Amino acid sequence: IRSGLDSDVALMNSLIDFYAKCGKLEEASRVFSLMSTKSVVSWSALISGYASCEDAFHALELFTMMQTYEENQPHGMLFASIVKACSKEGALVEGWLIHDKIMRSGFDLNVFIGSTLIDMYASCGSFNDARSVFARVQSKDLGTWNVMIGACAQYGCVKEALHLFYHMQEQGPNPGLVTFVNVLKACADFAVLNEAMCIHANAIKHGFDSDIYIGSTLVSMYAKCESIHDARTVFDKLTNRNVVTWAVIISGYAECGLGMEAFMLLEQLKEEGVIVDQGIMISLVKACTNTKMLMQGYIAHALALEYDL
């Protein structure tokens, strides 16, 4: 400002982007409001800032204002940002309107925007629209497949999730960590053990069996399928167990009505130096509740007091 450069549009755009990325949206808005000439980059920087800071309301409001200026046509990244804002806000009607503008701008088959639209529709409760967008995206990448399989899992369409999982491998991209987590969650929610075991074998084939996140998902999935022996086998093979993994296996025993077995894990847990957290505590209390073990309930209560939980 002291150097008289506050009229330089490119510099002011960089300032808006800087403040927005630092989470200083008031400062970003102040710079934006003082600009006598605003470009599409100016609008995009501020709108993307609000969207990334999960202030979807202001992002959508600015996007609407921006469209009153014909020279400011949104670009692909801005469309992606505003679609994410609709997703966070659950703004389905606004999402439809923006999708229509995306189609008229020729971005609807863009793989990145397509994935964002699928996620938005799934988050806003319009699964059929998510399906429709997925079908239109021609060059699907791993992210596109992941978000659609995740949407299927979210809506309980386990057969469709499995179909997409196998069809994806025929099309080219190898499944990744997120792919396996999504499809295993779908199997767990509907307790389809045989299919889940095939997915487990596939995870081993692709080298994901030792991953802690996949391991925890497998333990949870087997427990929900009432195959606690398989859950324990996976758990015992994990070499880098964390508090989440411990909470999952204890919760698995609790869900299967094996409260005493859940409590027997406490000694092993302490030997490995794991600090009892709220998740483990809730699983232990659940084990006591499900099996009416009053004495173990006293122990769980004492543990909660000891760890200030």
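To be clear, the structure that these remarks concern was listed above.
**Student:** Whenever I open this one, the overall build of the chain confuses me. Can you help?
**Tutor:** What the chain contains, in helices and strands, is 18 helices and zero strands. A compact globule built from 309 residues should have a C-alpha radius of gyration of about 19 Å, whereas the chain, at 25 Å, is more than 25% larger. Within the chain, buried positions represent 46% of all 309 residues. Put simply, 61% of the contacts in the chain that link residues at least 6 apart link residues at least 24 apart. Surface summary for the chain: the accessible area is close to 15,900 Å², and the carbon and sulfur share equals 55%. Within the chain, the 34 negative side-chain charges are centred at a point lying 2 Å from the centre of the 22 positive side-chain charges.

**Student:** How do you make sense of the state of the cysteines when you look at a structure like this?
**Tutor:** Per the stated rule, a full pass over the model turns up zero disulfides. We note that Cys198 lacks a disulfide partner, and the nearest cysteine sulfur, in Cys187, lies 9.0 Å from it. The exposure class of Cys198 is partly exposed, given its relative accessible area of 44%. For the unlinked cysteine Cys225, the closest cysteine sulfur is that of Cys187, found at 7.2 Å. Taking the relative accessible area as the measure of exposure, Cys225 reaches 11% and is therefore buried.

**Student:** Whenever I open this one, unusual backbone geometry confuses me. Can you help?
**Tutor:** Most peptide bonds take the trans form, and the phi angle of most residues other than glycine is negative. In the Ramachandran plot, Glu226 falls in the positive-phi region, its phi being about 60° despite a non-glycine side chain. The residue Glu226 is located in the loop between helix H13 (212–224) and helix H14 (228–237) in this model. On the basis of relative accessible area, Glu226 is assigned to the exposed category, the value being 70%.

**Student:** What should I look at first to understand the packing of aromatic side chains in this one?
**Tutor:** Any pair of aromatic rings gets described here by the distance separating the centres and the angle formed by the planes. Taken as a whole and assessed by the stated rule, the structure comprises nine aromatic pairs. Relative to Tyr19, the ring of Phe18 lies with its centre 5.1 Å away and its plane at 50°, an arrangement referred to as tilted. Accessibility expressed as a relative area gives 25% for Tyr19, which makes it partly exposed. The structure contains a cluster of three or more aromatic residues connected by ring pairs, namely Phe165, Tyr166, Phe180 and Phe208. A cation over an aromatic ring shows up here: Lys38 above the ring of Phe32, its NZ or CZ 5.0 Å from the ring centre.

**Student:** Mind showing me how you'd approach the pattern of salt bridges here?
**Tutor:** For side chains of opposite charge, pairing can occur when their charged atoms come near one another. What the rule picks out here adds up to six salt bridges. Across the pair Asp100 and Arg104 runs a salt bridge, and its minimum N-O distance is 2.9 Å. One end of the pair, Asp100, and the other, Arg104, are both in helix H6 (residues 92–105), four residues apart, so they sit about a helical turn from each other. Overall, the relative accessible area of 38% leaves Asp100 in the partly exposed class. Among the salt bridges present, the one from Arg131 reaches Glu160, with a minimum N-O distance of 2.8 Å. Linking Arg131 in helix H8 (residues 127–136) with Glu160 in helix H10 (residues 158–171), this pair joins segments that are 29 residues apart in sequence.

**Student:** Which parts of the structure should I look at to understand the nonpolar core?
**Tutor:** If you look at soluble globular proteins, the nonpolar side chains tend to sit buried side by side. Of all hydrophobic cores here, the largest spans 103 residues; its most connected members are Ile47, Ile82, Ile98, Met221 and Ile280. In this structure, Ile47 is in contact with Ala59, Leu62, Phe63, Met66, Leu78 and Ile82, ignoring residues within four places of it in sequence.

**Student:** Please explain H10 as it appears in this structure.
**Tutor:** Turn by turn, an α-helix covers 3.6 residues, leaving residues three or four places apart pointing in a common direction. With 14 residues, H10 should reach 20 Å at 1.5 Å per residue; the first-to-last C-alpha distance of 20 Å fits that figure. Every buried residue of H10 is listed here: Val158, Ala161, Leu162, Leu164, Phe165 and Met168. The buried residues of H10 all sit within an arc of 160° when viewed along its axis, so they share a single face. Among the exposed residues of H10, those pointing more than 90 degrees away from its buried face are Lys159, His163 and Glu170. Phi turns positive, to about 145°, at Gly172, one or two residues after H10.

Here is what the cut-offs are and how they apply
- Residues numbered from 1 in each chain as written.
- Predicted model: local features only at pLDDT ≥ 70, side-chain atom pairs only at ≥ 80, totals over all residues.
- Heavy atoms only, no water.
- Helix = DSSP H or I, 4+ residues; strand = E, 2+ residues; numbered from the N terminus.
- Rg over C-alpha atoms; globule rule 2.2 N^0.38 Å.
- Buried < 20%, exposed > 50% of the residue type's maximum accessible area, 1.4 Å probe, protein only.
- Contact = heavy atoms within 4.5 Å.
- Areas by Shrake-Rupley, 256 points an atom, 1.4 Å probe, with all protein chains shown as cover.
- Lys, Arg positive; Asp, Glu negative; His and termini not counted.
- Charge placed at Lys NZ, Arg CZ, Asp CG, Glu CD.
- Disulfide = S-S within 2.5 Å.
- Phe/Tyr/Trp six-rings, centres within 6.5 Å; stacked < 30°, edge-to-face > 60°.
- Lys NZ or Arg CZ within 6 Å of the ring centre and 35° of its normal.
- Salt bridge = Lys/Arg side-chain N within 4 Å of Asp/Glu carboxyl O.
- Core = buried A, V, L, I, M, F, W, Y, C linked by side-chain atoms within 4.5 Å.
- Expected span 1.5 Å × (residues − 1).
- Arc of directions from axis to C-beta.

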